[in-house]
Amino acid sequence: MFAMLVLSTALAVSPPEVSLRTCAFEPSGSRWTGSCGRLFHQQPRMTLARAAAITTGVWRDDVTPMEVWSGEMTGEGSHDAPLELEIDAGGTGVFRTEYGWFPVSGYAASATMLSFRLDASHEVPPDQLDRRIVQLADATLSSPAVWNRADNRRCPASASAWSIYCAVERVEIQVTGGFHHRRPAMELVRRVIEERTAGRHYHHRLMDYNNDPSTALADVHSVFAEALARMDRASR
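So, here is what we can say about the structure in this document.

### A few points about unusual backbone geometry
Step number 1: The phi torsion at phenylalanine 40 lies on the positive side, around 55°, for a residue other than glycine.
Step number 2: Looking at the element boundaries, phenylalanine 40 is found in the loop between strand S2 (31–35) and strand S3 (45–50).
Step number 3: Classification of phenylalanine 40 as buried rests on a relative accessible area of 14%.
Step number 4: Positive phi, normally seen in glycine, also occurs at arginine 153, with a value near 65°.
Step number 5: Locating arginine 153 in the fold gives a position in the loop between helix H2 (128–140) and helix H3 (164–176).
Step number 6: The exposure class of arginine 153 is partly exposed, given its relative accessible area of 36%.

Quick look at the structure:
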């Protein structure tokens, strides 16, 4: 009886997600459909198609992608989320998702199949472009006069004041030619804020921290400084 109870309990627990998984796609008309298996605590379906270029900003200024794909990911009960896949000459690259940027290896493509390995447990770390983004975002918020304390995560190009989120978005576009809200620079700033505000019931971490009456401009600069310090420690 005890053995049966243990077995039934084990079966009721979802299996842990593995770190490295194989993503496989097959042609379907002008697009490719496939999956990476269980990913982000769900079993999302994906579609990809070859693209002329990455639209969400250059990843690194010393690497030019050999292959670029774009498409959508449909999760369980969620809306379609955009995807971009970039591959360099060595068959490695980055998979850009709504959950972060993740490293890719073992890329292979033919007329009948597309596959690659995805490390879904380790986000791509910030690089020198991310460092520049954080430095310039910090410089953008140079005084209270240019700090928007009523962020709504909409960032018009004509703005003369910016929130934390919009300062990073503005600089990302300037530095890389595009914007992705899960770029490593933004993710690191978000992580620093999450740690500093543990226990606060924020819905959108950057927006709510920016708009919190208890947040001072000195706190904002301190967040950027900590993000840069973490990049320094990681590069040693």
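### Regarding the packing of H2 against H3
What describes two packed helices is the angle between their axes and the distance between those same axes.
Step number 1: H3 packs onto H2 with a crossing angle of 130° between their chain directions and a minimal axis gap of 9 Å. Relative to H3, the element H2 lies oblique. In the crossing of H2 with H3, the sense of the turn from one axis to the other is right-handed. In this structure, H2 contributes Leu129, Arg132, Ile133, Leu136, Ala137 and Thr140 to the contact, and H3 contributes Ala167, Val168, Arg170, Val171, Glu172, Val175 and Thr176.
Step number 2: Broken down by class, the residue content of the contact of H2 with H3 amounts to 8 nonpolar, 2 polar and 3 charged.

### With respect to the packing of aromatic side chains
Ring pairs (aromatic) are described by centroid distance and by the angle formed between their planes.
Step number 1: One pass over the structure, following the stated rule, counts 6 aromatic pairs.
Step number 2: Judged by centre distance (4.4 Å) and plane angle (20°), the ring pair of phenylalanine 40 and tyrosine 99 falls under stacked. Highlighted residues: phenylalanine 40 in the loop between S2 and S3 and tyrosine 99 in the loop between strand S6 (93–97) and strand S7 (100–109), separated in sequence by 59 residues.
Step number 3: By relative accessible area, which is 36% here, tyrosine 99 ends up partly exposed.
Step number 4: Ring pairing ties together the aromatic residues Phe25, Phe95 and Phe116, which thus form one cluster.
Step number 5: Lying over the aromatic face of tryptophan 59, arginine 60 brings its terminal NZ or CZ to 5.3 Å of the ring centre.

What counts and what doesn't
- Going along each chain's sequence as written, the residues are numbered from 1 onward.
- Totals for whole chains, interfaces and linings use every residue, but because this is a predicted model, local features are given only for residues with pLDDT of at least 70 and side-chain atom pairs only at 80 or more, for both listing and counting.
- By convention in this description, side-chain values take in all heavy atoms of the structure and omit both hydrogens and water.
- Helix and strand labels come from DSSP, where a helix needs a run of H or I of at least four residues and a strand needs a run of E of at least two; each type is numbered from the N terminus.
- The buried label applies to any residue whose accessible area, calculated with a 1.4 Å probe on protein chains only, is under 20% of its type's maximum; exposed applies above 50%, and partly exposed to all values in between.
- Lines fitted to C-alpha atoms define the axes, with helix axes restricted to the stretch in contact, and inter-axis angles between N-to-C directions lie between 0 and 180 degrees.
- We call two directions roughly parallel when the angle between them is under 35 degrees, roughly antiparallel when it is over 145, roughly perpendicular when it lies between 65 and 115, and oblique otherwise.
- Two helices cross in a left-handed way if the nearer one is turned anticlockwise from the farther one by less than a right angle. They cross in a right-handed way if the turn is clockwise.
- The criterion used for residue contact is that any of the two residues' heavy atoms lie within 4.5 Å.
- Classification convention: Asp, Glu, Lys, Arg as charged; Ala, Val, Leu, Ile, Met, Phe, Trp, Tyr, Cys, Pro as nonpolar; all other residues, Gly among them, as polar.
- Only Phe, Tyr and Trp rings take part, Trp by its six-membered ring, and two of them pair if their centres are within 6.5 Å. Stacked means planes under 30 degrees apart, edge-to-face means over 60, and tilted covers everything else.
- Over a ring means this: the NZ of a Lys or the CZ of an Arg is within 6 Å of the ring centre and within 35 degrees of the ring normal.

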